[in-house]
Amino acid sequence: YRAAVPAEDAGIYTFRLRGADGPAGAVERRLIVARSDELRLRPPDTALLREVSRDTGGAFDPKPADVFAVGADRARSSTPLWPYLASLAAVLWLADLALRRVRLFERV
């Protein structure tokens, strides 16, 4: 079966189909109509996309090969220093203990 139902207002519409045997063979479907502007399907704003890509140094509508091409772009990366500093502290602590226990510069 096919039916056309006007859904002009936002909301939830419930459709129930009953067969000849009554509620036992009923089928229920819901249709949610949202009239929010952000959910509307619209074509992309290519002028804005071109402007953003130009201002940020990117490329508008690049080819797939260009997306994965290795370029001269560099990214910064950070290296945590705590493992090196903790190791240095442990070595200096052991050296301090050794110098306190072993008397190298004392006369007996």
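As a reminder, the structure under discussion sits directly above these lines.
Quick notes on the rules
- Each chain carries its own residue numbering, running from 1 in the direction its sequence is written.
- It should be noted that, the model being predicted, local features are given only for residues of pLDDT at least 70 and side-chain atom pairs only at 80 or more, the latter also being counted only at that level, while totals for whole chains, interfaces and linings use all residues.
- For side-chain calculations, the full set of non-hydrogen atoms in the structure is used, while hydrogens and water are omitted.
- Think of it this way: any DSSP run of H or I at least four residues long counts as a helix, any run of E at least two long counts as a strand, and we number them from the N terminus.
- Only the C-alpha atoms count toward the radius of gyration. The rule for a globule is 2.2 Å times the residue count to the power 0.38.
- To sort residues, take the accessible area from a 1.4 Å probe on protein chains only and compare it with the maximum for the residue type: under 20% means buried, over 50% means exposed, and anything in between is partly exposed.
- Exposure was quantified through the Shrake-Rupley algorithm and a 1.4 Å probe, taking into account, for residues, occlusion by the shown protein chains and nothing else.
- Counted as positive: Lys and Arg. Counted as negative: Asp and Glu. His and the chain ends are not counted at all.
- Here the site of a charge means NZ on Lys, CZ on Arg, CG on Asp, or CD on Glu.
- A side-chain nitrogen of Lys or Arg and a carboxyl oxygen of Asp or Glu constitute a salt bridge if their distance falls within 4 Å.
- For patches, a residue must show more than 30% relative accessible area and have no salt bridge; joins then use 9 Å for like charges and 5 Å for nonpolar side chains, namely Val, Leu, Ile, Met, Phe, Trp and Tyr.
- In this analysis, two residues are considered to be in contact whenever any of their non-hydrogen atoms come within 4.5 Å of each other.
- A helix is expected to span 1.5 Å multiplied by its residue count minus one.

Regarding its fold elements, the chain presents 3 helices and 2 strands. Counting from the amino terminus, helix and strand elements in the chain follow one another as β-β-α-α-α. For a compact globule of 108 residues, the expected C-alpha radius of gyration is about 13 Å, and the chain comes in at 36 Å, more than 25% above that figure. Seen through its principal axes, the chain has C-alpha atoms that stretch 115 × 50 × 25 Å. The burial tally for the chain puts 3% of its 108 residues in the buried class. Summed over its atoms, the accessible surface of the chain is roughly 11300 Å², and 58% of this surface lies on carbon and sulfur atoms. Taken together, the 17 basic and 14 acidic charged side chains of the chain have centroids lying 8 Å from each other.

Counted according to the given criterion, the structure contains 4 salt bridges. Between R16 and E28 there is a salt bridge; the shortest N-O distance is 2.9 Å. You can see R16 sitting in strand β1 (residues 11–19) and its partner E28 sitting in strand β2 (residues 22–33), a full 12 residues away along the chain. In this structure, D55 and R54 form a salt bridge, with 3.3 Å as the shortest nitrogen-oxygen distance.

Of note, R76 is situated in the loop between α2 (64–67) and α3 (82–101). Assessed through its relative accessible area of 86%, R76 is described here as exposed. C-alpha of R76 to C-alpha of L88: the two residues are 12 residues apart in sequence and 26 Å apart in space.

On the surface, L81, Y84, L85, L88 and L92 cluster together into a nonpolar patch covering about 570 Å² of accessible area. With respect to the helices and strands, L81 occurs in the loop between α2 and α3.

A few words on the side chain of S53. Mapped onto the secondary structure, S53 falls in helix α1 (residues 46–56). Since its relative accessible area comes to 12%, S53 is described here as buried. When sequence neighbours within four positions are dropped, the list of residues in contact with S53 reads G58, A59 and F60.

The next thing to look at is the environment of P80. By the element assignment, P80 lies in the loop between α2 and α3. Relative accessible area serves as the criterion here: at 47%, P80 is assigned to the partly exposed category. C-alpha separation for the pair P80 and V91, spaced 11 residues apart in sequence, amounts to 19 Å.

Residues lying three or four places apart along an α-helix face the same way, a consequence of the helix completing one turn every 3.6 residues. Taking 1.5 Å per residue as the helical rise, α3 with its 20 residues ought to reach 28 Å, and the 28 Å between its terminal C-alpha atoms agrees with that figure. The element α3 is largely exposed, with a buried count of 0 among its 20 residues.

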